[in-house]
Amino acid sequence: MRRLFLIAAATLALPAFAVELGDDGLHKPTWLRETFKDLREDLVEANAEGKRLLLSYEQRGCIYCTEMHEKIFTDPAIDKLIRDHYFVVQLNLFGDVEVTDFDGTTLSEKEMAMRWGVMFTPTLIFLPEDVGEGVSAPDAAVAMMPGAFGKVTTEALLIWVRDHGYEGGENFQKFVAEQSIKETDQ
């Protein structure tokens, strides 16, 4: 009986959904896009698919990235929102792969993180459908989420960006509160 209890406890301690890790130590869900990391090209491709470009800065060993990938992004509603509405490009906070910003600047992932002021992982950067010439990604971004958040906030942000909540001056925190109320009413 004690052995069964220990096996059950060990099983419950495992993450609900293990997400494959790549050679770079970053999580690799199937909805990630492998691109040349030229954001201008990525935006064109995202638009052609009717999706929003979403950049995700992560790092090897990041416990908050693991939390997001194993507990938040695997939530069926959030997974569906990402798959249906977002073109996700992953960037490594300490990576050496070249990234070309919308303004034409080309730097390594880690140098671009410094240029953009990315200090936390994960950091999600949501881009509009159109980015003006000479504008950098953080200047063009309609929303940035530095750090890990729970299911309600993450789902609300995905919906708020998808539905252009930022265009009408809708306060995101008010939107999150309204989403939370809707969930408790159901």
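Rules of the game
- Residues numbered from 1 in each chain as written.
- Predicted model: local features only at pLDDT ≥ 70, side-chain atom pairs only at ≥ 80, totals over all residues.
- Heavy atoms only, no water.
- pLDDT = per-residue confidence, 0-100.
- Contact = heavy atoms within 4.5 Å.
- Core = buried A, V, L, I, M, F, W, Y, C linked by side-chain atoms within 4.5 Å.
- Buried < 20%, exposed > 50% of the residue type's maximum accessible area, 1.4 Å probe, protein only.
- Helix = DSSP H or I, 4+ residues; strand = E, 2+ residues; numbered from the N terminus.
- Salt bridge = Lys/Arg side-chain N within 4 Å of Asp/Glu carboxyl O.
- Phe/Tyr/Trp six-rings, centres within 6.5 Å; stacked < 30°, edge-to-face > 60°.
- Arc of directions from axis to C-beta.
- Polar contact = N/O pair within 3.5 Å; in protein donor to acceptor, adjacent residues only side chain to side chain.
- Pairing = 2+ DSSP bridges.
- Lys, Arg positive; Asp, Glu negative; His and termini not counted.

Trainee: Tell me about the confidence of the model for the protein chain, and name the residues and values.
Mentor: Residues at a pLDDT of 70 or more form 88% of the protein chain, whose mean pLDDT is 90. Across residues 4-15, confidence stays below pLDDT 50; counting only partners more than four residues off in sequence or on other chains, it has one contact.

Trainee: Summarise the nonpolar core; cite the residues concerned and give the values.
Mentor: Across soluble globular proteins, nonpolar side chains have a tendency to be buried as a group. Formed by 26 residues in total, the largest nonpolar core has its most connected members in Phe 126, Leu 157, Trp 160 and Val 161. Looking at this core, the elements that each hand over two or more residues are α3 (63-72), α4 (76-85), β3 (86-92), β6 (123-126), β7 (143-146), α7 (151-162) and α8 (172-185). When residues in this core are grouped by element, the largest group, six residues, is from α7. If you look at the next biggest cluster of nonpolar residues, it comprises 21 residues, including Phe 87, Phe 102, Met 112 and Trp 116.

Trainee: Could you give me a rundown of the pattern of salt bridges, with the residues and numbers involved?
Mentor: Evaluation of the coordinates by the stated rule reveals twelve salt bridges. A salt bridge links Asp 79 to Arg 83; its shortest N-O distance comes to 2.8 Å. Of this pair, Asp 79 and Arg 83 both sit in helix α4, separated by four residues, roughly a single helical turn. Exposure remark for Arg 83: the relative accessible area of 35% places this residue in the partly exposed category. Residue Arg 115 is joined to Asp 101 by a salt bridge in which the shortest nitrogen-to-oxygen separation is 2.7 Å.

Trainee: Describe the packing of aromatic side chains, with residues and values.
Mentor: Taken as a whole, this structure holds five aromatic pairs when the rule is applied. Here the aromatic cluster, defined as three or more aromatic residues joined through ring pairs, consists of Trp 160, Tyr 166 and Phe 172.

Trainee: Describe in detail helix α2 (residues 39-48), supporting the description with residues and values.
Mentor: Each turn of an α-helix holds 3.6 residues, which means side chains three or four residues apart point in the same direction. Turning to α2, its buried residues number three or more, namely Leu 39, Asp 42, Leu 43 and Ala 46. Looking straight down α2, one finds that the buried residues subtend no more than 100° of arc, so they occupy a single side. The exposed set on the far side of α2, more than 90 degrees from its buried face, consists of Val 44 and Ala 48. Packing partners of the buried residues in α2 comprise β2 (52-58), β3, β4 (98-100), α5 (109-116) and α6 (137-140). Sitting at the amino-terminal end of α2 is Asp 38, which places a side-chain oxygen 3.0 Å from the backbone nitrogen of Arg 40. Looking one or two residues past α2, Gly 50 carries a phi angle of roughly 70°, positive in sign.

Trainee: So, the pairing of β7: which residues are in play, and what are the values?
Mentor: Across a regular strand the side chains alternate sides, sitting on one face of the sheet and then on the other. Only one face of β7 is buried, namely the one carrying Ala 143 and Met 145, since none of Met 144 and Pro 146 on the opposite face is buried. With four bridges connecting them, β6 and β7 associate as antiparallel partners. Looking at the pairing, Leu 124 lines up with Met 145 of β7.

Trainee: Now, about α5: what can you tell me, with residues and values included?
Mentor: Turning to α5, its buried residues are Glu 109, Met 112, Ala 113 and Trp 116. On an axial view of α5, the arc spanned by its buried residues comes to 105°, and they lie on one face. Of the residues one or two after α5, Gly 117 is the one with positive phi, at around 75°.

Trainee: A description of the side chain of Glu 58 should follow, citing residues and the corresponding values.
Mentor: Tracing the chain through its elements places Glu 58 in strand β2. Buried within the structure, Glu 58 lacks any salt-bridge partner; Lys 28 is the closest side chain of opposite charge, at an N-O distance of 7.3 Å.

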